[in-house]
Amino acid sequence: MRYNEKELRALSRQPAELAAELGMRGPKKGSVAKRRLVKLVVNFLFYFRTDEAEPLGALLLERCRVAQEEPGGFSITTSTCGEASSSTGMRYRR
């Protein structure tokens, strides 16, 4: 499935099904959590810097598994046939 930047930007401006501010941590152990605004629109999870309107990126939530890592934290693991899986950890900030 291919999307161009213009289509994704337009989709990111649609009303969110869910939105939250999260501490987002990369896959490396001990990486620093960065505050990000995340917004679920259809099956895309867009993430933004808290002070910007344009998304930094998007995760297509297909063929993925969401698992609770610790209280208030979860990870999204994706994999496709023939490719290695990748994981992104996120932590809620209330």
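In the annotation of an unreviewed UniProt entry, the entry for the protein chain reads Pleckstrin homology domain-containing family J member 1, and the organism field reads Sciurus vulgaris.

Below, the discussion takes up the overall build of the protein chain. Scanning the protein chain for helices and strands turns up one helix and seven strands. A buried classification covers 22% of the 94 residues belonging to the protein chain. Looking at the protein chain as shown, the accessible area adds up to about 7,000 Å², and 50% of this sits on carbon and sulfur atoms.

What follows covers the side chain of S12. Secondary-structure assignment places S12 in helix 1 (residues 5-12). Among the polar contacts made by the side chain of S12, one reaches the main-chain carbonyl oxygen of R9 at a distance of 2.7 Å. If we skip the residues at most four places from it in the chain, S12 touches K39, F46, F48 and P55.

Take the environment of N43 next. Position of N43 among the secondary structure elements: in the loop between strand 2 (34-41) and strand 3 (44-48). A sequence separation of 17 residues divides N43 from L60, and the C-alpha atoms of the two residues are 6.1 Å apart. Here E62 takes part through its side chain, which lies 3.1 Å from a polar atom of the side chain of N43.

A full pass over the atoms with the stated rule returns five salt bridges. Linking R9 and E5 is a salt bridge whose minimum nitrogen-to-oxygen distance equals 3.0 Å. Remark: E5 and R9 occur in helix 1; sequence separation between them is four residues, near one turn of the helix. On the accessibility criterion, R9 (29% relative accessible area) is partly exposed. Looking at E5, the relative accessible area reads 61%, which means it is exposed. A salt bridge links R49 to E52; the shortest N-O distance between them is 3.7 Å. Residue R49 is classed as partly exposed on the basis of its relative accessible area of 36%.

Thresholds applied
Residues numbered from 1 in each chain as written. Predicted model: local features only at pLDDT ≥ 70, side-chain atom pairs only at ≥ 80, totals over all residues. Heavy atoms only, no water. Helix = DSSP H or I, 4+ residues; strand = E, 2+ residues; numbered from the N terminus. Buried < 20%, exposed > 50% of the residue type's maximum accessible area, 1.4 Å probe, protein only. Areas by Shrake-Rupley, 256 points an atom, 1.4 Å probe, with all protein chains shown as cover. Polar contact = N/O pair within 3.5 Å; in protein donor to acceptor, adjacent residues only side chain to side chain. Contact = heavy atoms within 4.5 Å. Salt bridge = Lys/Arg side-chain N within 4 Å of Asp/Glu carboxyl O.

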